[in-house]
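# Analysis of the macromolecular model
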Amino acid sequence: MNRYSKALLISGIITVVISVIVLLLCINDWGGLTPLAAVFFIWAEIVFFGGLIFQQKISSQTQQLVLQASFIPLLTIYSFVCGGLSVLFLIKFKPEWKFFISVQLVLAGITAILLIALYSASKAIRSANQNTMHDIIQINSYISRINTLAVSAGEEESYGLDLKTISEALRFTDVSALVSVDEEINDIISELELEFEKETIFRSAKLIQERCTKLAKLIEKRKIQSKTIKEGII
């Protein structure tokens, strides 16, 4: 439990204790609906502080922006409405305990469903973002490897300029998602890396040129596959 969660826990305990004392001091007649309304009033405070602590706990598993923009406001609204209803029924509608329970159950049910939906959505968004970041890192690693090969080739070699062109072409493709051709691109880059490990005089210019040509074609194929995937998602 981090410092913020501990502070919330202590604040919640203090608030609940104070509320219990105030209720005991201010309420003289504990008949009818009064005990139930008092319990729901305390429950509203527990839900509010408990929800904030829970939000801190699951923050590493979900998308923070979605969670903070929806989870916390929803908890706040539920807690205040729940507490407000309790006070209202304590003051005005003491005999209407069945109606009170029905309203509280419906309110709790709706809130629970929305919280579950928001939690699932924020978790899914975080997972999708993590996958996208992984794919971006993967493609950027390909670009970096090709740039390294271009530097090794030098400008005096014709394939050195080809590699730079290939690197730029790959950089301007959609790097937010991996496609099936990426595995072939990785294999070709690996073949080139093995060839460039050799001394300059032992390198096969023909093999390198062939691999560069194939790599350029694969990148064009990648553009088509990336576009197809995006259109399919939309």
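Bear in mind that the values here come from a model prediction, so they are computed numbers and not experimental data.

Let us now look at the overall build of the chain. Helix and strand counts for the chain stand at seven helices and zero strands. Taken over 234 residues, the chain has a buried fraction of 34%. Intrachain contacts of the chain at a sequence separation of at least 6 include 75% that bridge at least 24 residues.

In a regular helix each residue adds 1.5 Å, so 14 residues correspond to 20 Å; helix α5 (residues 158-171) covers 21 Å between its end C-alpha atoms and thus fits that length. Considered for burial, the residues of α5 that qualify are Tyr159, Gly160, Leu163, Ile166, Ser167 and Leu170. Buried positions in α5, seen along its axis, are confined to an arc of 120 degrees and lie on one side of it.

Within this structure, the stated rule accounts for one aromatic pair. With a centroid separation of 5.2 Å and an interplanar angle of 80 degrees, the aromatic rings of phenylalanine 48 and phenylalanine 49 are classed as edge-to-face.

A few words now on the environment of isoleucine 137. Within the element layout of this structure, isoleucine 137 appears in helix α4 (residues 97-153). Placed 39 residues apart in sequence, isoleucine 137 and serine 176 show a C-alpha to C-alpha distance of 9.1 Å.

Bringing the pattern of salt bridges into the picture now. Under the criterion given, the structure shown has seven salt bridges. Of the charged contacts in the structure, one is a salt bridge between glutamate 193 and arginine 145, with a shortest N-O distance of 2.8 Å. Here glutamate 193 is found in helix α6 (residues 182-196), whereas its partner arginine 145 is found in helix α4, with 48 residues between them in sequence. Residues arginine 211 and glutamate 191 are paired through a salt bridge, measuring 2.4 Å at the closest nitrogen-oxygen approach. Of the two residues, arginine 211 sits in helix α7 (residues 205-233) while glutamate 191 sits in helix α6, which places them 20 residues apart along the sequence. A single network of salt bridges, built from pairs that share partners, joins Glu191, Glu210 and Arg211.

Note that soluble globular proteins tend to have their nonpolar side chains buried in a common cluster. Formed by 24 residues in total, the largest nonpolar core has its most connected members in Leu163, Ile185, Leu192, Phe196 and Leu215. Among the secondary structure elements, those contributing two or more residues to this core are α4, α5, α6 and α7. Broken down by element, the residue count for this core peaks at seven residues, all from α4. Membership of the second largest hydrophobic core comes to 21 residues, among which are Val16, Leu74, Tyr78 and Leu115.

Cut-offs applied
- Residues numbered from 1 in each chain as written.
- Predicted model: local features only at pLDDT ≥ 70, side-chain atom pairs only at ≥ 80, totals over all residues.
- Heavy atoms only, no water.
- Helix = DSSP H or I, 4+ residues; strand = E, 2+ residues; numbered from the N terminus.
- Buried < 20%, exposed > 50% of the residue type's maximum accessible area, 1.4 Å probe, protein only.
- Contact = heavy atoms within 4.5 Å.
- Expected span 1.5 Å × (residues − 1).
- Arc of directions from axis to C-beta.
- Phe/Tyr/Trp six-rings, centres within 6.5 Å; stacked < 30°, edge-to-face > 60°.
- Salt bridge = Lys/Arg side-chain N within 4 Å of Asp/Glu carboxyl O.
- Core = buried A, V, L, I, M, F, W, Y, C linked by side-chain atoms within 4.5 Å.

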